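Inside the fold
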Amino acid sequence: MNLEKELTELLGKPIEKADRKELYAAVLKLVKAKIAERPLTQGNKKLYYISAEFLTGKQLGKNLINLGIYSEMDELLAKHGQSLSDVEASEPEPSLGNGGLGRLAACFLDSIATLDMPGDGVGLRYHFGLFKQEFKDHKQFEVPDEWLSEPGVLEKTDVSFPVRFGDLIVHSRMYNLDVIGYNGGHNQLHLFDLDTVDESIVKDGIDFDKKDVEKNLTLFLYPDDSDDDGRKLRVYQQYFMVSNAAQYIIKEQKDLGHDLHHMGDYVAIQINDTHPSMVIPELIRLLIHEGIIFSEAAGIVSDVCAYTNHTILAEALEKWPSSYLNEVVPQLMPIIGGLDWGVVCAYNNNNDLNIIDKDGRVHMAKIDMHYGHSINGVAALHTEILKNQELRPFYNIYPEKFNNKTNGITFRRFIMHSNPQLADYIDTLIGSSWRTNADSLKDLLQFYNDEAVLNRIDEIKRDNKVRASKFVEQKEGVSLDPDSIFDVQVKRMHEYKRQQMNALWVIYEYLRIKNGEKPQRPITVLFGGKAAPAYYQAKAVIHLILCLEELINNDPDVSPYLKVVMLKNYNVAKAEVIIPAADISEQISLASKEASGTGNMKFMLNGAVTLGTADGANVEIGNLVGHQNIYTFGRSSDEVIGLYNTSGYKSIDYYNNSQSIKHCVDFITGPELLAIGDEKLLGDLKDNLMHKDWFMTLLDLEDYCRVKETMLYDYEDRAKWKRMELVNIAKSGFFSSDRTIREYNRDIWHLK
Ligand SMILES: *Cc1c(COP(=O)(O)O)cnc(C)c1O
């Protein structure tokens with residue numbers, strides 16, 4: 001049966017007569033039917049990727065691509081006066097993640113299926129996700145992200161497991177999201193929920209009664225943890241996630257007739273950051289129930305479990321007070337106590353290594369490191385820092401467990417779907433094998449001196465800038481100039497990512513323009529990102545950026561040369577429009593603080609040139625493209641680590657010793673911005689920069705401004721810039737998540 005007939009039948013009316021919603025529902029149904037025709041991927045051994053987040057992005061377009069019918073559907077709808085991208089726009093984006101860690105999990109699922117490995121994701125079905133970001137009075141406000149509309153991408157199942165929280169036993173429900181690979185492979189993402197969760201208890205933004213677990217358990221990802229009840233709710237969520245995961249895995253293995261004593265032969269579990277760490281004691285507990293003794297159970301679980309570390313920021317290494325665990329999951333404490341006791345005995349009661357510290361807090365990562373068989377960082381530099389600094393005591397006792405897996409991104413979404421013009425043009429140059437063998441993008445280097453090719457790639461960049469400008473105009477009401485330089489920083493708002501440094505550059509540039517020093521070409525500075533609801537400083541930075549946007553875009557002296565836009569509610573759909581339009585990729589974290597970054601890879605793949613510190617995967621980008629094709633600045637990670645160790649950084653000295661830093665920082669509370677913004681917020685932001693500046697913004701600010709200026713200057717050497725675009729695209733193959741997944745499998749999972 002042909003697509004046209006199938007779709008018309010599902011619609012029950014001619015395609016041209018259907019509205020967008022009807023079309024979305026019908027195309028979704030058609031896609032689900034096609035997916036159902038693909039058998040689930042099977043193998044001797046199966047991976048379970050457990051993660052608190054899966055930032056999947058919209059599913060329809062990606063699924064059409066992976067089914068190999070995107071173009072056919074696109075043409076079919078066009079023939080009937082409809083538009084596939086309009087239909088795609090009516091899909092709500094699943095709100096199941098927060099930032100890079102969740103997006104990585106989604107890219108991995110895509111690659112695992114594409115490589116035809118059996119591997120499912122396991123997580124939670126958050127009703128309102130993280131939150132939806134809105135702006136009012138130049139400030140962030142949080143509201144529930146209502147993405148669970150019908151018809152949806154999730155399939156409700158009858159699979160349910162009992163989960164015990166002390167005296168309370170709840171019964172879960174599993175939902176499935178199909179994950180199909182590009183030209184093959186079919187796995188699933190299992191998301192657990194409770195039928196009793198009550199969306200109506202959410203009031204006044206994202207507030208709700210944190211004590212009523214049966215009603216609130218899966219309302220939000222990362223509920224506010226600034227009080228005891230909020231922190232306990234996170235423990236409830238984590239245990240609910242891993243208990244379901246463990247019960248599901250054991251059930252599947254028993255159904256397959258596998259001997260649980262040999263689970264290591266059949267099962268690999270990847271623990272994505274510390275949120276799923278309790279899966280280790282929970283699996284041990286369940287294996288004991290199956291009649292296996294503690295020591296053997298611990299050994300089996302160790303063969304199965306591997307841990308990925310995503311950050312060295314102390315705040316992210318979770319430690320739960322024993323009192324919480326005793327209250328929420330009393331059945332787990334004897335197991336955790338036993339695991340701790342094993343460590344105490346083996347390593348002489350060493351507080352660096354003990355799972356339960358002297359204050360009675362349980363260090364979740366330490367469970368993973370002692371009782372998993374692999375510990376990996378997510379970029380070469382990050383893994384070295386783990387080995388030599390942060391996790392050194394563990395590296396000393398378990399050197400064989402440590403390994404690096406530099407992150408990657410799925411090219412199906414971040415070029416084939418998001419930048420189809422470039423993807424198709426690459427096909428005409430080097431054939432289409434790069435779509436599954438990303439390394440062959442290197443073949444593009446033969447066009448290094450081919451003016452026609454360079455011009456065409458740059459024209460596509462301009463088309464993407466036109467597309468992004470329309471999008472921004474429609475969503476944010478700001479009109480952009482596609483002939484300006486698009487300078488983009490989109491990522492979660494965090495002081496270590498240093499959006500404040502970029503904002504200080506904006507002030508610097510504004511002051512120069514006011515002073516009559518106009519840039520050679522207009523510059524558009526795009527920001528986007530959410531701040532955690534309780535993160536005051538990050539919200540203050542958003543406030544500064546929104547105030548600058550108001551000031552600059554409405555100043556007739558300045559706005560022809562400089563524009564600032566803070567996109568609201570940055571998510572995967574927005575990333576897919578904005579990143580292909582970028583000229584400059586801002587990756588300016590304080591060296592040593594960004595574990596890897598994956599945004600940096602998406603920009604590179606789409607021909608943007610990186611302006612970055614020697615941090616995370618920026619280092620590997622630099623090694624691949626060579627120093628002529630990247631702009632680096634700022635102190636090295638060694639220097640930064642040295643400054644922390646000696647408390648050798650005093651931001652006030654940098655403020656006092658540089659007129660230009662002083663001018664920019666003072667501007668934050670100058671009359672122009674105070675006329676727009678909030679005196680307290682702006683004042684606190686400025687104070688923080690002058691007297692604390694934990695992430696050393698002022699340390700790197702001058703170097704940043706200098707290198708950015710060079711970069712803007714170099715943009716006018718159009719031939720040079722276009723060659724940089726080409727080299728960045730050509731060398732980005734290494735960052736395909738297919739490569740990353742092959743490495744995980746080769747070194748950790750050993751599937752097939
Ligand atoms: C890729 C991605 C991120 C991660 O960006 P970084 O720059 O690596 O922090 C965050 N959010 C979304 C929506 C993304 O697509």
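Residues numbered from 1 in each chain as written. Predicted model: local features only at pLDDT ≥ 70, side-chain atom pairs only at ≥ 80, totals over all residues. Heavy atoms only, no water.

Quick word on the overall build of the protein
Assigned secondary structure in the protein consists of 32 helices and 20 strands. Here the C-alpha radius of gyration of the protein, 26 Å, is about what a compact globule of 752 residues would show, namely 27 Å. In terms of overall dimensions, the protein has C-alpha extents of about 80 × 70 × 55 Å along its principal axes. When the accessible surface of the protein is totalled, it reaches about 27500 Å², and 48% of it is carbon and sulfur. (Helix = DSSP H or I, 4+ residues; strand = E, 2+ residues; numbered from the N terminus. Rg over C-alpha atoms; globule rule 2.2 N^0.38 Å. Areas by Shrake-Rupley, 256 points an atom, 1.4 Å probe, with all protein chains shown as cover.)

Structural notes on helix H8 (residues 228-255)
In a regular helix each residue adds 1.5 Å, so 28 residues correspond to 40 Å; H8 covers 40 Å between its end C-alpha atoms and thus fits that length. A large share of H8 lies buried, amounting to 21 of its 28 residues. Downstream of H8 by a residue or two, Gly-257 has a phi angle that is positive, lying close to 80°. (Expected span 1.5 Å × (residues − 1). Buried < 20%, exposed > 50% of the residue type's maximum accessible area, 1.4 Å probe, protein only.)

Details of the layout of surface pockets
Of the voids in this model, the second largest pocket is the one considered here, and its volume is about 590 Å³. As for the second largest pocket, its lining consists of 27 residues, and the residues nearest its centre are Ile-312, Leu-313, Ala-314, Leu-317 and Glu-390. Looking at the lining of the second largest pocket, the elements that each hand over two or more residues are helix H14 (364-371), helix H15 (380-390), helix H16 (392-397) and helix H25 (637-646). Sorting elements by how many residues they give to the lining of the second largest pocket places H14 first, with four residues. Among the residues making up the lining of the second largest pocket, the classes are represented as 15 nonpolar, five polar and seven charged. (1 Å grid on protein atoms, 1.4 Å probe; cavity = no way out; pocket = protein on both sides within 12 Å on 5 of 7 lines; lining within 4 Å. Points joined across faces, edges and corners; volume = space filled by probe spheres on them. Nonpolar A, V, L, I, M, F, W, Y, C, P; charged D, E, K, R; others polar.)

A word on the pattern of salt bridges
Evaluation of the coordinates by the stated rule reveals 53 salt bridges. With its nearest N and O atoms 3.0 Å apart, the salt bridge here joins Arg-412 to Asp-110. Remark: Asp-110 occurs in helix H6 (residues 100-114) and Arg-412 occurs in helix H17 (residues 411-417); sequence separation between them is 302 residues. Neither residue differs from the other here; Arg-412 and Asp-110 are each classed as buried. Bridged by salt links that share partners, the residues Glu-509, Arg-512, Glu-517 and Glu-709 form one connected network. (Salt bridge = Lys/Arg side-chain N within 4 Å of Asp/Glu carboxyl O.)

As for the packing of helix H20 (residues 499-514) against helix H27 (residues 659-667)
Running from N to C, H20 and H27 cross one another at 105°; their axes reach a closest spacing of 9 Å. With respect to H27, the axis of H20 lies roughly perpendicular. The segment H20 lies against H27, with Leu-504, Ile-507, Tyr-508, Tyr-510 and Leu-511 engaging His-663, Cys-664, Val-665 and Phe-667. Here the contact of H20 with H27 is built from residues that sort into eight nonpolar, one polar and no charged. (Axes fitted to C-alpha atoms, helices over the stretch in contact; angles between N-to-C directions. Parallel < 35°, antiparallel > 145°, perpendicular 65-115°, else oblique. Contact = heavy atoms within 4.5 Å.)

Re the packing of aromatic side chains
What the rule picks out here adds up to 19 aromatic pairs. Considering the side-chain rings of Phe-161 and Phe-192, the 6.2 Å spacing of their centres and the 55° angle between planes classify their relative orientation as tilted. With Phe-161 in the loop between strand E5 (155-156) and strand E6 (162-165) and Phe-192 in strand E8 (residues 186-194), this residue pair connects regions lying 31 residues apart in the sequence. Taken as a pair, Phe-161 and Phe-192 share a single burial class, namely buried. Here the aromatic residues Tyr-49, Phe-108, Tyr-744 and Trp-749 are joined through ring pairs into a cluster of three or more. A cation over an aromatic ring shows up here: Arg-456 above the ring of Tyr-425, its NZ or CZ 5.9 Å from the ring centre. If you follow Lys-593 out to its NZ or CZ, it ends over the ring of Tyr-644, 4.5 Å from the centre. (Phe/Tyr/Trp six-rings, centres within 6.5 Å; stacked < 30°, edge-to-face > 60°. Lys NZ or Arg CZ within 6 Å of the ring centre and 35° of its normal.)

Some thoughts on the environment of Asn-351
Summarising the element assignment, Asn-351 is placed in the loop between helix H13 (333-346) and strand E12 (361-363). Given the relative accessible area of 33%, Asn-351 is considered partly exposed. It is 57 Å that separates the C-alpha atoms of Asn-351 and Lys-514, two residues lying 163 residues apart in sequence. Leaving out residues up to four positions away in the same chain, Asn-351 has contacts with Asp-357, Lys-358 and Lys-366.

As for the sheet that holds strand E17 (residues 562-567)
Taken together, the six strands give an open sheet; going across it, the order is E17-E16-E15-E18-E19-E20, and neighbouring strands pair in parallel fashion. Two strands in the sheet have a free side with no partner beyond their single neighbour: E17 and strand E20 (631-632). Two elements, strand E18 (residues 584-587) and strand E19 (residues 609-612), share four bridges in a ladder whose sense is parallel. Residue pairing in the sheet places Glu-586 in a bridge with Leu-611 of E19. Lying on the sheet, H20 is in contact with strand E15 (485-490), strand E16 (523-528), E17 and E18; it crosses E16 at an angle near 155°. (Pairing = 2+ DSSP bridges.)

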